[in-house]
Amino acid sequence: MTMNTNISNTVNCGDKIFATLECNGRRLASINGMGFSSLEAVKRALLDLAGRYAGMAIVTVRNCTQGWRDVTALATMRRPALMSQVSTVSGNGQYMILWAS
């Protein structure tokens, strides 16, 4: 038995798409809808919804219309934004960068 590894997962605008992005066992974003022009557009929309996170994420895209599912691992360093990027240390005029301490 051989598997066909040359399967192309295409997305058409009329396809019903269900997709999730999970990181560290938590669902950060999910999409259930239509109107996506490509698989990359679905993944981009999930990343926009997820916001900032750091670590390994799993992106699962299910095309309900065509009957396929795509699971992709995604590593990122999208760290949370700091409230104050730089603050001064009293007395000696040096700066302390909060994320480096």
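Here, the structure is the one placed above.
Because the structure is predicted, anything quoted here is derived from the model rather than measured.

A. A look at the environment of threonine 20. Take threonine 20: it is sitting in strand β1 (residues 17-23). Residue threonine 20 is classed as buried on the basis of its relative accessible area, which comes to 5%. Spatially, the C-alpha atom of threonine 20 lies 9.7 Å from that of valine 42, the residues being 22 residues apart in sequence. Beyond its immediate chain neighbours, meaning those up to four positions away, threonine 20 contacts Arg27, Ala29, Ser30, Leu46, Ile58, Val59 and Thr60.

B. Fine view of the nonpolar core. Of all hydrophobic cores here, the largest spans 18 residues; its most connected members are Ile17, Ala19, Leu21, Phe36, Leu46 and Val61. Those elements giving two or more residues to this core turn out to be β1, β2 (26-33), α1 (39-50) and β3 (53-63). Top contributing element to this core by residue count: α1, with five residues. Setting aside chain neighbours within four positions, we find valine 61 in contact with Ile17, Phe18, Ala19, Leu39, Val42, Trp68, Arg69 and Asp70.

Here is what the cut-offs are and how they apply
- Residues numbered from 1 in each chain as written.
- Predicted model: local features only at pLDDT ≥ 70, side-chain atom pairs only at ≥ 80, totals over all residues.
- Heavy atoms only, no water.
- Helix = DSSP H or I, 4+ residues; strand = E, 2+ residues; numbered from the N terminus.
- Buried < 20%, exposed > 50% of the residue type's maximum accessible area, 1.4 Å probe, protein only.
- Contact = heavy atoms within 4.5 Å.
- Core = buried A, V, L, I, M, F, W, Y, C linked by side-chain atoms within 4.5 Å.

These values are about where atoms sit, not about what they do.
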